[in-house]
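One-letter residues, chain by chain:
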Amino acid sequence: MKKVVSLLLLMAMAMTLVVGCGKTNNKNTAGNATEPTQAATDTPAATEETTPEAGGDVSGIKVGVIYIGDENEGYTAAHMAGIDEMIAALGLSADQVIEKTTIGEDEAAYDAAVDLADQGCNIIFANSFGHETYMMQAAAEFPEVQFCHATGYQAKSSGLPNMHNYFTAVYESRYVSGVVAGLKLNEMIEKGDITADQAKMGYVGAFPYAEVVSGYTAFYLGAKSVCPSVTMEVQYTNSWADMAAENEVAKSLIANGAKVISQHADTTGAPTACEEAGVPVVGYNVDMTSVAPNTALTSATINWGPYYTYAVKSIIDGTPIATDWCQGFADGAVGTSPLNEKAVAAGTAEKVAEVEAALKDGSLKVFDTSTFTVQNSKLEDLITSNADFAKFSAYVSDGYFHESEVISAPAFELRIDGITELTK
Amino acid sequence: MSKEGANKEVFLRMSKRDSISRTKAWTIRLIAIALSLIVCALVIVFITNDNPIQVYLGIIDGAIGKKRRMWVTIREIMTLLIIAVGLTPAFKMRFWNIGAEGQILMGGAATAAVMIYFGNSMPNWLLLLIIFAASSIAGMLWGVLPAVFKAYYNTNETLFTLMLNYVAMQIVTFCIVFWENPTGSNTVGIINGATRKGWFQEIFGMQYGLNIIVVLIMTVGVYLYMRHSKQGYEIAVVGESQNTAKYAGINVKKVIIRTMMISGGICGLAGSIIVSGASHTISTSTADGRGFTAIIVAWMSKFNPIAMLAVSAFLVFMQQGSIQIASQYGLNENASDIITGVLLFFLIGCEFFINYKVEFRGNKKGVQ
């Protein structure tokens, strides 16, 4: 028996050696090529700035990135694409970027952050909300390293000079995608498929807090700007990425009479349900036409490339990074995925272009207080009359809610009229 | 089947071994470890197209290549070890406690509660003592519940403890609603981040010194308890045969309940080591499957604490190492799960060859 085992052992060892040696030769090409997990080809904005800036010294730069998910999950995939765009724009080599995927929101995030700092990273990004406190812990320990955290809100209040928050004005792209949904509802009304007061949308939300509320309100206001009779129901999955739950929630919203579905959750669960039921759907993060070729209208997308390029370039140039960074259409940081001509209403493209232009030049504000009411009164009136709403006074002036201007993270957590939150 | 076929001897024959020498057993184990490493290398080479030697250097670098990585590895080893130690008395009694996950979660939740509600009202040493007490009691409750039912109603403890894991998970989910920061985010975040109240502090300049001290005390304590105390002997007797135990005048019910209090209590304490000593937060993934991995550690070590330390160290070493491999080669962390899975497959599989003899039959023996 021993003989057989040792024979097996020998064979296995020999095989390992052969395979190993055979592959060593192309290690440099194959090994490094696999490093950036996301194909750099689908980042259109990178083309203009492919030559590295002559002024800064790029060679000393090391970038660490901590992702909550991996390339299989839309939210993280969008961040990876942004990092790739940055690498191309600044002319870094792949080994100057260390990426850590599927890092949970516990001590793993801290371990990952300090490990990246130990490896000599000058700047470290983390992309999930729950990573923030761990980034702050690491930032206090490594004052010479810059820590940038997406979707967080504590950089300013932490008082740490090397802690930064970034987010995008995704509410702008949600507004635009809402316009697309509203036009689709108008088409149904015109065709006589539904009456005007049946124009109800469903929204699959992740968690009941500001980031999601801000997003669905913007979506709703976009739809309402073209279809005044629209209403919306929101149901939460209490998870960022739970494909089965998102699928279920979408189905129950459709059963409840929703004519259009949108989502703020990271998987393709909802679009899959919509494709089955033949209900138009507006996605998030990634183009959903692959799972819902007949029903996906468009997706509200975030392009993280501009921020990553900005932040790393600041390190190269030795300029400070903004404590709170938030940009929208004007900087190309948000967008909508290509309209699905098979599904959208006629004339959508023109209307979308018009709305985008208005958002870019600032003539249109998403949270224009004249377009919605809260508890049947105007927001400005509520702030002066109701103590519960006084905290929003810092945000509201000049006739609109200044989302993402005080801090980069969304702050609009008002439940406006016309939207119903369904609780189980 | 033809006659010839029926007469043919089986090529492979397995029989139970009466006994096996220590050297032989360890040779088999070492072969299994070597084989598992080779298979892991093959898997990684298949995925990354890289030289396996490079890959193993990467694993070593990831686990102990830097001072901080070494400390993280030690911290994880200690956590796994204390859970395995906690499970030992129950398993020795043949009480299949697969509820360590739940006991850890309850201990962790108790720890978080103490940190949140009493964090600012007392000195840290006192707070830590209360944390140790609270987490042990929470784990104890979670352990004693199935023990009482087993002792009095002879319920199936495997199912009972397993189901309590899910109950514990729901309780933690429920607690998070109260403690979440900010509201609606479903995460608690670092507890007492600014004041560091209830955190394990550096001891002798070692970041995880207190983790080591607590775990080693518990390990030695359980070893002595099992080997050199009357109660430890009673546990062994109950484990061998409850009837013998009854005949010998041992109060079986009492032993079952007492032992599970100890087992659950230590697993609860492990929860405080995770929450106070490492993550400083509570979530449903606080136990993170360690309660199940520890079962394997305890079994494979035959409840020998030194072996437990070695097995935990080996598993954690490979886990931490494969995290490095993942980021080095652009894989995701599933790579770590694959490697751990392969290791466990071989390590558990080799126990079969220790217990059973495999004989290959040639023609020379003749057919009867």
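Note that the structure is a prediction, hence the values are computed from the model and not measured. (Residues numbered from 1 in each chain as written. Chains lettered and ligands numbered in written order. Predicted model: local features only at pLDDT ≥ 70, side-chain atom pairs only at ≥ 80, totals over all residues. Heavy atoms only, no water.)

Q: How would you explain the overall build of chain B if you had to name every residue and give the values?
A: Along chain B, the regular secondary structure elements total 14 helices and 2 strands. Overall, chain B is about 85 × 65 × 40 Å in size when its C-alpha atoms are taken along their principal axes. Residues counted as buried form 54% of the 368 residues belonging to chain B. Expressed as a percentage of contacts within chain B between residues at least 6 apart in sequence, the contacts between residues at least 24 apart total 77%. (Helix = DSSP H or I, 4+ residues; strand = E, 2+ residues; numbered from the N terminus. Buried < 20%, exposed > 50% of the residue type's maximum accessible area, 1.4 Å probe, protein only. Contact = heavy atoms within 4.5 Å.)

Q: Account for the overall build of chain A, with residues named and values stated.
A: Within chain A, the secondary structure is distributed over 13 helices and 15 strands. In chain A, which comprises 424 residues, the proportion classed as buried is 57%. In chain A, the proportion of contacts linking residues at least 24 apart, taken out of those at least 6 apart, comes to 67%.

Q: Quick rundown of the side chain of B:N211? Include the residues and the values.
A: Tracing the backbone shows B:N211 in helix α8 (residues 209-228). When near neighbours in sequence (up to four residues on either side) are disregarded, B:N211 contacts B:R75, B:F200, B:I273 and B:G277.

Q: Lay out the packing of aromatic side chains with the relevant residues and their values.
A: Counting across every chain of the model gives 36 aromatic pairs over all chains. Centroid distance A:Y166 to A:W304: 5.8 Å. Interplanar angle 85 degrees. Geometry classified as edge-to-face. Here the residue A:Y166 occupies a position in strand β5 (residues 163-168), and A:W304 occupies one in the loop between β10 (296-302) and α11 (305-317), the gap between them amounting to 138 residues. When sorted by exposure, A:Y166 lands in the same class as A:W304, which is buried. Ring geometry for B:F352 against B:F353: centres 5.4 Å apart, planes inclined by 90 degrees, an arrangement best described as edge-to-face. Among the aromatic side chains, those forming a connected cluster through ring pairs are A:Y75, A:F125, A:Y166, A:F167, A:W304, A:Y307, A:Y308, A:Y310 and A:W325. (Phe/Tyr/Trp six-rings, centres within 6.5 Å; stacked < 30°, edge-to-face > 60°.)

Q: Which residues make up the interface of chain A and chain B, and what are the values?
A: Listed as interface residues are 44 residues of chain A and, on the opposing side, 49 residues of chain B. In this structure, the connection of chain A to chain B is made through 5 salt bridges. Note that B:R69 and A:D115 form a salt bridge whose closest N and O atoms lie 2.6 Å from each other. The interface formed by chain A and chain B contains 6 residue pairs in polar contact (both at pLDDT 80 or more). Considering every element that reaches the side of chain A that touches chain B, the biggest residue donor is helix α1 (residues 2-24) of chain A, with 10 residues. Looking at the side of chain A that touches chain B residue by residue, the classes come out as 18 nonpolar, 13 polar and 13 charged. (Salt bridge = Lys/Arg side-chain N within 4 Å of Asp/Glu carboxyl O. Polar contact = N/O pair within 3.5 Å; in protein donor to acceptor, adjacent residues only side chain to side chain. Nonpolar A, V, L, I, M, F, W, Y, C, P; charged D, E, K, R; others polar.)

Q: A description of the pattern of salt bridges should follow, citing residues and the corresponding values.
A: Applying the stated rule across the entire model yields 21 salt bridges over all chains. As a salt-bridge pair, B:R75 and A:D111 come within 2.6 Å of each other at their nearest N and O atoms. On the criterion of chain membership, the pair formed by B:R75 in helix α4 (residues 67-92) and A:D111 in helix α4 (residues 107-118) is interchain, its members lying in two chains. The exposure classification of B:R75 matches that of A:D111, with both residues buried. When the shortest N-O distance is used, the salt bridge between A:E421 and A:R415 registers 3.1 Å. Judged by its relative accessible area of 29%, A:E421 falls in the partly exposed class.

Q: I'd like a rundown of the side chain of B:T88, residues and numbers included.
A: Residues and elements named next belong to chain B. Mapping T88 onto the fold places it in helix α4. Looking at T88, its side chain comes within polar contact range of the main-chain oxygen of A84, at 2.9 Å. Apart from residues lying up to four places away in sequence, T88 is in contact with A298, F303 and M308.

Q: I'd like to hear about the sheet that holds strand β12 (residues 334-336) of chain A, residue by residue, with values.
A: All names here are of chain A. Judged by pairing direction, the sheet is mixed, and its 7 strands sit side by side in the order β12-β10-β9-β8-β6-β7-β15 without closing on themselves. Two strands in the sheet have a free side with no partner beyond their single neighbour: β12 and β15 (419-422). Along the sheet, successive strands turn relative to each other by an average axial angle of 20 degrees, direction set aside. In terms of strand pairing, strand β8 (residues 260-264) meets strand β9 (residues 281-284) through 2 bridges, oriented parallel. Across the sheet, residue S262 finds its bridge partner in β9, namely V282. Against the sheet, helix α7 (residues 170-191) makes contact with β6 (200-205), β8, β9, β10 and β12, and its axis sits at roughly 170 degrees relative to β10, the strand it touches most. (Pairing = 2+ DSSP bridges. Axes fitted to C-alpha atoms, helices over the stretch in contact; angles between N-to-C directions.)

Q: Please set out the packing of helix α3 (residues 52-64) of chain B against α4(B) residue by residue, giving values where relevant.
A: Residue and element names in this part refer to chain B. Packing of α3 against α4 leaves a shortest axis separation of 5 Å and a crossing angle of 80 degrees. When the interaxial angle is binned, α3 and α4 end up roughly perpendicular. Every residue of α4 that contacts α3 at D61, G62, A63 and I64 is listed here: R69, M70 and T73. In terms of residue class, the contact of α3 with α4 is made up of 3 nonpolar, 2 polar and 2 charged. (Parallel < 35°, antiparallel > 145°, perpendicular 65-115°, else oblique.)

Q: How would you summarise the nonpolar core if you had to cite specific residues and measurements?
A: Membership of the largest hydrophobic core comes to 124 residues, with the highest contact counts inside it found for A:I66, A:I124, A:F147, B:I82, B:I83 and B:L87. Non-local contacts of A:I66, meaning those with residues more than four positions away in its chain, are made with A:K100, A:I103, A:A109, A:A112, A:A113, A:L116, A:I124, A:F125, A:A126, A:N127, A:H131 and A:M135. Counting 93 residues, the second largest nonpolar core, distinct from the first, contains A:Y67, A:F125, A:Y284 and A:W304. (Core = buried A, V, L, I, M, F, W, Y, C linked by side-chain atoms within 4.5 Å.)

Q: Tell me what's going on with the sheet that holds strand β1 (residues 63-66) of chain A, and back it up with residues and numbers.
A: Residue and element names in this part refer to chain A. Taking strand neighbours across the sheet as the criterion, the 6 strands line up as β2-β1-β3-β4-β5-β11 in an open arrangement whose pairing is parallel. Single-partner strands in this sheet number two, and they are β2 (97-100) and β11 (324-327). If you compare each strand with its neighbour and ignore which way they point, the axes differ by 20 degrees on average. Pairing of strand β4 (residues 146-150) with β5, which is carried by 4 bridges, proceeds in the parallel orientation. Each residue of the ladder has a partner; that of C148, found in β5, is H164.

Q: Please set out the pairing of β10(A) residue by residue, giving values where relevant.
A: Residues and elements named next belong to chain A. Of all the 7 residues making up β10, 7 are buried; the element is thus mostly covered by neighbouring parts of the structure. Direction of pairing for β9 relative to β10: parallel, over a ladder of 4 bridges. By the bridge assignment for β10, Y284 is matched with A300. Both β10 and β12 contribute to a ladder of 3 bridges, which runs antiparallel.

Q: Account for a nonpolar patch on the surface, with residues named and values stated.
A: All names here are of chain B. On the surface, a nonpolar cluster with roughly 640 Å² of combined accessible area is contributed by F11, L12, M14, F352, F353, Y356 and F360. Elements represented by at least two residues in the nonpolar patch include exactly β1 (12-16), α14 (334-355) and β2 (356-360). Relative to the assigned elements, F360 resides in strand β2. With a relative accessible area of 39%, F360 lands in the partly exposed category. (Patch = residues over 30% accessible without salt bridge, like charges linked within 9 Å, V, L, I, M, F, W, Y side chains within 5 Å. Areas by Shrake-Rupley, 256 points an atom, 1.4 Å probe, with all protein chains shown as cover.)

Q: Can you lay out the confidence of the model for chain A for me, pointing to particular residues and giving the numbers?
A: Taken over all residues, the pLDDT of chain A has a mean of 85, while the share at 70 or more is 87%. Confidence over residues 12-55 of chain A falls short of pLDDT 50; this stretch has 49 contacts with residues more than four positions distant or in other chains. (pLDDT = per-residue confidence, 0-100.)

Q: Hey, could you go over the confidence of the model for chain B for me, with residue numbers and the actual values?
A: Across chain B, the average pLDDT comes to 88, with 95% of residues at 70 or higher. Reported confidence for the predicted complex is 0.83 by ipTM and 0.80 by pTM.

Q: Describe helix α12 (residues 348-360) of chain A, and please don't skip the residues or the numbers.
A: Residue and element names in this part refer to chain A. Over its 13 residues, α12 runs 18 Å from end to end, which matches the ideal 18 Å to within 8%, given 1.5 Å per residue. What α12 keeps buried is the set T348, V352, V355, E356, A358 and L359. Projected onto a plane normal to the axis of α12, the buried residues spread over an arc of 160 degrees and lie on a single side. Opposite the buried face of α12, at more than 90 degrees from it, the exposed residues are E350 and E354. The elements touched by buried residues of α12 are α7 and β12. (Expected span 1.5 Å × (residues − 1). Arc of directions from axis to C-beta.)

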